[in-house]
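Residue-level structural notes
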Amino acid sequence: MVKKKFWARIFIGLLIILFIINFAIGFYLYDLAIERNVKDFLVGNEDLEVSAEAMEVFTAGGWRDWVRDQDFEEWEMESFDHLTLQGYFLEAKEPTNKTVVFTHGYLGRASDMGLFGQYYYENLGYNMFTADMRGHGNSEGDYIGFGWHDRLDLVDWVNRIVDELGEDTEIVLHGVSMGAATVLMASGEDLPDNVKAIVADSPYSNVYDLFAYQLERMFNLPEVPILPTTGLVTSIKAGYNFKESSALNQVRKAEVPILYIHGGRDSFVPTVMTEELLANTNSEAELLIVDGAGHGESIVLDKETYLKKLTGFLNTYVD
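Notes on the structure in this doc start here. (Residues numbered from 1 in each chain as written. Predicted model: local features only at pLDDT ≥ 70, side-chain atom pairs only at ≥ 80, totals over all residues. Heavy atoms only, no water.)

1. Things to note about the nonpolar core
Heads up, the rule is: Definition used in this section: a nonpolar core is a set of buried Ala, Val, Leu, Ile, Met, Phe, Trp, Tyr and Cys residues joined via side-chain atoms within 4.5 Å. Classification of residues uses two cut-offs on accessible area relative to the type maximum, computed with a 1.4 Å probe and protein chains only: under 20% is buried, over 50% is exposed, and between them is partly exposed. Working rule for contacts: check all heavy atoms of both residues, and any pair within 4.5 Å makes them a contact.
Ranked by size, the top nonpolar core spans 58 residues in total, and within it Ile-34, Phe-146, Leu-173, Leu-184 and Tyr-204 carry the most contacts. Residues within four places of Phe-146 in sequence aside, it is in contact with Ala-33, Ile-34, Tyr-106, Met-178, Met-185, Tyr-204, Val-207, Phe-211 and Tyr-240. If you look at the next biggest cluster of nonpolar residues, it comprises 36 residues, including Leu-90, Met-113, Leu-288 and Phe-313.

2. Remarks on the packing of helix α7 (residues 207-219) against helix α8 (residues 226-238)
Geometrically, a packed helix pair is captured by the angle between its two axes and the distance between the axes. Selection criterion: The convention used is that axes are lines fitted to C-alpha atoms, helices contributing only their stretch in contact, and that angles between N-to-C directions extend from 0 to 180 degrees. Comment: elements are numbered from the N terminus, with helices defined as DSSP H or I runs of at least four residues and strands as E runs of at least two. Oblique is the label for any angle not covered by the other classes, which are roughly parallel (under 35 degrees), roughly antiparallel (over 145) and roughly perpendicular (65 to 115). Handedness of a crossing follows from how the near helix is turned relative to the far one, being left-handed for an anticlockwise turn of less than a right angle and right-handed for a clockwise one. Side-chain classes are defined by residue name, with Ala, Val, Leu, Ile, Met, Phe, Trp, Tyr, Cys and Pro counting as nonpolar, Asp, Glu, Lys and Arg as charged, and the others, Gly among them, as polar.
The geometry of α7 relative to α8 is characterised by a closest axis approach of 11 Å and an angle of 130° between their N-to-C directions. Between α7 and α8, the interaxial angle falls into the category oblique. In this structure, α7 crosses over α8, and the sense of that crossing is right-handed. Two secondary-structure elements touch here, α7 through Tyr-208, Phe-211, Ala-212 and Leu-215 and α8 through Ile-226, Leu-227 and Pro-228. For the contact of α7 with α8, the residue count by class is seven nonpolar, no polar and no charged.

3. A word on the sheet that holds strand β4 (residues 127-132)
What counts, and what does not: Note on pairing: DSSP must find at least two bridges between two strands before they are called paired.
Spatially, β1-β2-β4-β3-β5-β6-β7-β8 is the arrangement adopted by the eight strands of the open sheet, whose pairing is mixed. Only two strands of the sheet have a single neighbouring strand rather than two, namely β1 (73-78) and β8 (285-290). Each adjacent strand pair in this sheet contributes to an overall mean axis angle of 20°, direction not counted. Direction of pairing for strand β3 (residues 98-103) relative to strand β5 (residues 170-176): parallel, over a ladder of six bridges.

Printed below as a string of structure tokens:
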């Protein structure tokens, strides 16, 4: 009897220790990936290595000078949870009712989308709007939303644009990586009819599956019990959970046409996620896979094909 009690205490003690360790890992991973801070863990990540050609364009491309030369009008908006968000609007050279709304990627900022915005503005004649997502740039927020709360911010920005520019405004949503997941998450919301098309470049299907993939790939750690615990910490500290943060569930409700773009060599957000999204999309949808392109590289490594597909898609769905 004494031995049974002894081993029972040992067993309970081990469970308590494992419980504490698991929650410690959950808080560590929250701080690592979700809390707003410097993300040194991505430095040297092989999945984010880009070609020399892409690196040159990303870091020193002429589009950055173009962005600096533009006279963006600064907009502010209060989010549903009382954060002050920062946006930037650039009126087209000639009057138009067409506006592109950009959403940037993880750890990025609004100005990054000038890589795409220059084409919309100079070649297609669109107005351009781009915003710092919550937890990024000049917008408030102490956590990164991975698109879920950002989808509501995006809907609010779209409604603001319609109010500012008029009911005849036609809007295209264009996002990259986390921004691509954001526009897809917004696709399942009550968007105004002004939104005519969505472009999702390198999206993930949902936050839970993305984290499970990265947890195994980067740290060789199991999904369970670590990810559910990290999700619980995120739910407590940031107000969303990984399971609900699903672009996959949202596109099943989508009514706006969607163009999916993904690099065929993307190992950071696997290409199969876009293929799964396409297969589950309720609205009209098209797909471009750029062979040999890594994460977010498609616009650089095959610019001609990218822009041709983009322009054809826009011409089909935007008047």
